[in-house]
Structures are given as structure tokens and as C-alpha cells.
Amino acid sequence: MLNCYVLSPSILVFDAIAGKPSTELVDPLTFLAIQQHCTLSEDFIDIVPTANSITLYLRDLKRREFWQNYILEHYLKFEYQRANATVHHVPTRYGGAYGVDLTALSALLNLSVDEIITQHSSFEYIVSFMGFLPGFGYLTGLPPALHVPRKAVPSTKVPRGSVAIAEALSAIYPSASPGGWHVIGQTDLKLFELHFTSPMPV
Amino acid sequence: MIEVINPGPLSTVQDLGRFGHRQQGIPQSGVLDPLALIIGNRLLGNEDDAAAIEITAGNAVFRFMEDCSFVLMGSSLNATLNDMPIHSGWCMQAKQGNVLRLKGSQHALRSYLCFAGGIDVPLVLNSRSTDIQGQFGGLSGKPLQSGTVISLFKPHQTQVSAQGALQPPYFNHIRVLPGPHLACFDEHWKLRFTEKPWSVQLSSNRMGTRLIRDDVEFFNHNIRIPSQAVHPGVIQLPPSGEAMVLLADCQTTGGYPIIGQVIEADLRHFTQLGASEPVYFEFVDINTATKAHETTLFHLNRINIAIENNKKK
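Residues numbered from 1 in each chain as written. Chains lettered and ligands numbered in written order. Predicted model: local features only at pLDDT ≥ 70, side-chain atom pairs only at ≥ 80, totals over all residues. Heavy atoms only, no water.

A. Region of the structure containing the overall build of chain B. Along the backbone of chain B there are four helices and 20 strands. For 313 residues, the compact-globule formula gives about 20 Å, and the C-alpha radius of gyration of chain B, at 20 Å, lands near that figure. Oriented by its inertia axes, the alpha-carbon framework of chain B measures out at about 60 × 40 × 35 Å. Long-range contacts, defined here as pairs at least 24 residues apart, represent 74% of the contacts in chain B between residues at least 6 apart. When the accessible area of chain B is evaluated, it comes to approximately 13,000 Å², of which 53% is carbon and sulfur surface. Counting 25 positive and 27 negative side-chain charges, chain B places the centres of these two groups 4 Å from one another. (Helix = DSSP H or I, 4+ residues; strand = E, 2+ residues; numbered from the N terminus. Rg over C-alpha atoms; globule rule 2.2 N^0.38 Å. Contact = heavy atoms within 4.5 Å. Areas by Shrake-Rupley, 256 points an atom, 1.4 Å probe, with all protein chains shown as cover. Lys, Arg positive; Asp, Glu negative; His and termini not counted. Charge placed at Lys NZ, Arg CZ, Asp CG, Glu CD.)

B. Up close: the interface of chain A and chain B. Each partner contributes to the interface: chain A provides 45 residues, whereas chain B provides 35 residues. In this assembly, chain A packs against chain B so that about 3,200 Å² is buried in total across both faces, 62% of it on carbon and sulfur atoms. The interface formed by chain A and chain B holds two salt bridges in total. In this structure, A:Asp46 engages B:Arg22 in a salt bridge whose closest nitrogen and oxygen atoms are separated by 3.7 Å. Applying the counting criterion to the chain A and chain B interface returns 12 residue pairs in polar contact (both at pLDDT 80 or more). (Buried area = accessible area lost by both parts, 1.4 Å probe. Salt bridge = Lys/Arg side-chain N within 4 Å of Asp/Glu carboxyl O. Polar contact = N/O pair within 3.5 Å; in protein donor to acceptor, adjacent residues only side chain to side chain.)

C. Summary view of the packing of helix 3 (residues 102–109) of chain A against helix 4 (residues 113–121) of chain A. Residues and elements named next belong to chain A. Contact geometry of helix 3 with helix 4 gives a least axis separation of 9 Å together with a crossing angle of 95°. The orientation of helix 3 with respect to helix 4, classified from their angle, is roughly perpendicular. Of the residues in helix 4, those touching helix 3 at Leu 102, Leu 105, Ser 106 and Leu 109 are Val 113, Ile 116 and Ile 117. Taken together, the residues of the contact of helix 3 with helix 4 break down into six nonpolar, one polar and no charged. (Axes fitted to C-alpha atoms, helices over the stretch in contact; angles between N-to-C directions. Parallel < 35°, antiparallel > 145°, perpendicular 65-115°, else oblique. Nonpolar A, V, L, I, M, F, W, Y, C, P; charged D, E, K, R; others polar.)

D. Spatial organisation of the environment of A:Gly95. All names here are of chain A. With respect to the helices, strands and loops of the structure, Gly 95 is situated in the loop between strand 5 (93–94) and helix 3. Along the sequence, Gly 95 and Leu 189 sit 94 residues apart, while their C-alpha atoms lie 17 Å from each other. Excluding anything up to four places from it in sequence, Gly 95 contacts Leu 102, Ile 184 and Gly 185.

E. How the structure looks around the packing of aromatic side chains. Taken as a whole and assessed by the stated rule, the structure comprises 23 aromatic pairs over all chains. Residues A:Phe129 and A:Tyr138 carry aromatic rings whose centres are separated by 4.2 Å and whose planes lie at 10° to one another, so their mutual orientation is stacked. Across the pair, A:Tyr138 and A:Phe129 agree in class, each one buried. Put simply, the rings of B:Phe185, B:Trp189, B:Phe193, B:Trp198, B:Phe218, B:Phe219, B:Phe281 and B:Phe283 touch in pairs and so form one group of aromatic residues. It is A:Arg63 that lies over the ring of A:Phe66; its NZ or CZ is 4.5 Å from the centre. (Phe/Tyr/Trp six-rings, centres within 6.5 Å; stacked < 30°, edge-to-face > 60°. Buried < 20%, exposed > 50% of the residue type's maximum accessible area, 1.4 Å probe, protein only. Lys NZ or Arg CZ within 6 Å of the ring centre and 35° of its normal.)

F. Examining the environment of B:Ser151 more closely. Residue and element names in this part refer to chain B. Mapped onto the elements of the fold, Ser 151 is located in the loop between strand 11 (149–150) and strand 12 (173–178). Judged by its relative accessible area of 29%, Ser 151 is partly exposed. For Ser 151, the residues in contact, after removing those within four places along its chain, are Met 1, Gly 118, Ile 119 and Asp 120.

Below, the structure is given as C-alpha cells:
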């Protein structure tokens, strides 16, 4: 069931959970399909999908009602066209100074440090959506044993390249930033460079 | 060219913002008060989105290395041109060697220094705005430094009329549309939220205005929501209950409950709200937001007509 609300006269949100408190992740493909469909139109300044919502920023608020009705009526017929996805290998140094939260996480998850590393590095992740920072991808596919709430007290500075987990997601910090995710390792892979033809490799 | 003698606490090159890249996590950036920039640019015969300098708090000094028409918008921050006081909203002619000094004001926080022609910095992802966090755009992604020299584009008009325009006043009464997670709280909560003013915290910046109240414990919560798109004007409520109004440099997604959205016409007021200023909220409906937006457009149209009439003289 897709809900829709108007956040401001030119901002429309379609949401799978209608603002109810929840951390459950719904299939993001619905929203990626809506995104692909809306990208074909000139009506939008920006289109931002997340795991269970999509926010549409309209150029002209007079088009709001049209899109509200159109998407609610047709979204089930939209099909996500899976592009030829590229697989990126992310060389990661786990633990110690590179993953400052790994020891605490081991106690929290009741798993040994080695088990966490093995689990985290043996699955393929999908960039489900981008946000938070330029180049910050929300990666789905984290094994359930590693699902963990965000840190109670966010760090004031998470270093660039930090590999971190929170909830059902993993991510890499493309630049230094405050952050509430558990840092388990670090990579030298660059995620955001302006001279890339597309600013991001992912 | 313009030489920065002293940038003050924070001066950055900004235009109307960087659009079309939110889905890649790239913030909007841009001036906190788009209306001020648009009016300033129109007075000078520039395009609406020509880049200007956003000056924070004052203690800033600039030297004109060439003759140049300029206008200060937002607050003048008690500015002087060669020690003569100048007002915001009026086109001025600076001569080569003139010094513009913005002292600062107890009642305002930001000024916009717009030049005829606009600031010549490269477009990065279709905008000249400085992304301070991402370190790109503007002048090599950095705030202005002492000694920085800024180049200007050639003005469209050889002679800029001696003209000015009224900016709509700044208020601290903010109209807000209900956000999706306001439903997590009851009617009493909503009343408490709006019955007393919030106070701006010193830690506020271009990413957001952080607010606090002496009864902030009442607004503590442990509601968790999945990340969704956020943008300037969104009012987030972190678990601490310290409400935060997101501004131009905010991130593109966020996982704190969204209790409201500041209407577009009122968001510019946060440009001038410094530490410990009181902020009053009022929940309104979508029609109020749309009408307020139309009032802004009407104001801009009247300025256009006046500028065109001045040209004919």
C-alpha cells in the first residue's frame, strides 16, 4: 500500500509506511521504479528515493495534483529496469584504529570480532539509495546477525573511508563527517570525485 | 576584481543553489535567503542566480580593485563604504580602491554582497555555490580567506541605475506545515510545541538552526523512523527534543522524525536569527503556504515593473 502526502506546495512524498514509526525496510524497488518513471518527465527539480519512500520536488506546484493521482493509480504497473550493475570490490582494513567500534560491537552483538568480519565481508551488497553525504550509498544485504541500532551517542568525527553498519544497512563514509553508525573498518576507495564523468563510481 | 581583506567568521560564494543532484546525496547549498539574492541581482541587471558573497555576523572588509556597481542585501550589518554608512537594498557605485566594511549588528546575522556581473567562479555540478562540507564549488570549495581575490563577470549593463528595492521584513514568527511524524504525538504535545518560543542555539550554522527550550525534556522521545529525503525547511526532532530547522547546507536524507516543514516564504527569516533569538512557531495549512508564496511572487513582479520603468527614464 502506497501513501501520499504533501510536505509543502511543491514537494510530494510517497511512502510505504505513512510516517508511522518503524525501522522495517520495505522493498526499495517500488521506489526505484517510480524514480525511473518520473525521471522521464521534465516536471521535477529533484527526485529522491529511499528504502521505503520517494520524495518528488516539483518545478511547478500546479502539476502536484496530476502526479499525486497518476502515481497512486499506476505505480503497481511500473517496472524497475535493472541496469547492468557494476560490482565494486571494497578493500577494507577491519578493527583496531581503522574500526574503532568493532570491539564494543562484538559485545553488543554477542559475536566474536572475527565472526563479525567474516560475516560482513562475505556478502554482496546493493546500493539501494544515496544520501546523507555526497557519495554515501545505503547498502542493503547486511546479514541479519549484524543488524544493530545506531549508536546512542553519535561520533563527532567519523574519518573518510570508514566502513560502518547500522540497522539493516552498511555504508562507507565518503568524507569525514559526524555520524551515528558503528565503524568497523576503513577503505582507501574514493567514492566521490568531481572529475568522474558521473560524480560517483557506484 | 575584489580583494578580501578580512572575511569575518564565515564568508562564502553562493548562488541560488545546486539542484538536480539530491539523489546522489549532494546538498542544495546556495544562499539562505534566495529572495534577497534575486532582488539584489535584478537591481544590478544580473541573472537571478548570479553568485554573490554571503557574509556572516560582520567583522568583514573588502577592497574594490576596480570601479564596480554593487548592492548589499539582507542586513547591511552596519556597513560603510570608505567610512560612509550605506543601507541594504540600494545600488552603490564603488570606485577603485574603495573599502567596504561590515561591522556587524546585534539584530541581524547575514548580508549579501552582490556585484554587477556576478562572481566569476566555475560552475560545479551546475552551480557556483560553495559546498563547505564537500569542499567543492565557489572558490576551490573553501570559505573566503584574507587575501583572496575574487573575479567578476562583465556586467550586462554599462550603467546601473541608482535604484533600490524594499525587502520584505524578517520575522521570528514562523509558519509551519504539519510534518508526517507529527501524528506520532498528541494534540497536547502540538500545543506545547507552539505555545512558547524556542531559542536559537550557538551551534546553529548553514546546515540548520538548532533550537532549545527550558522545558526541552518534555520533547524527549525514542521514536525511530527509516531515513527519508530531507531538505531546507524540514523541522527534525532528534531524541533529545532539541528541534532543528534544516537550512541550505543540510544533508539530503535523514532519520529523525519530521514534525513540520517551514513554509517557503518564511524560511528566509532564519537567515537573520542568531544565537538566543526567540523563534515562534505556528502550524498552518497548505493554502496559507501557497498564498504566502504568491505574495512573494507578487512582490518580485512589482520590483520588476519598477526596474523596467526606471530604465525608460
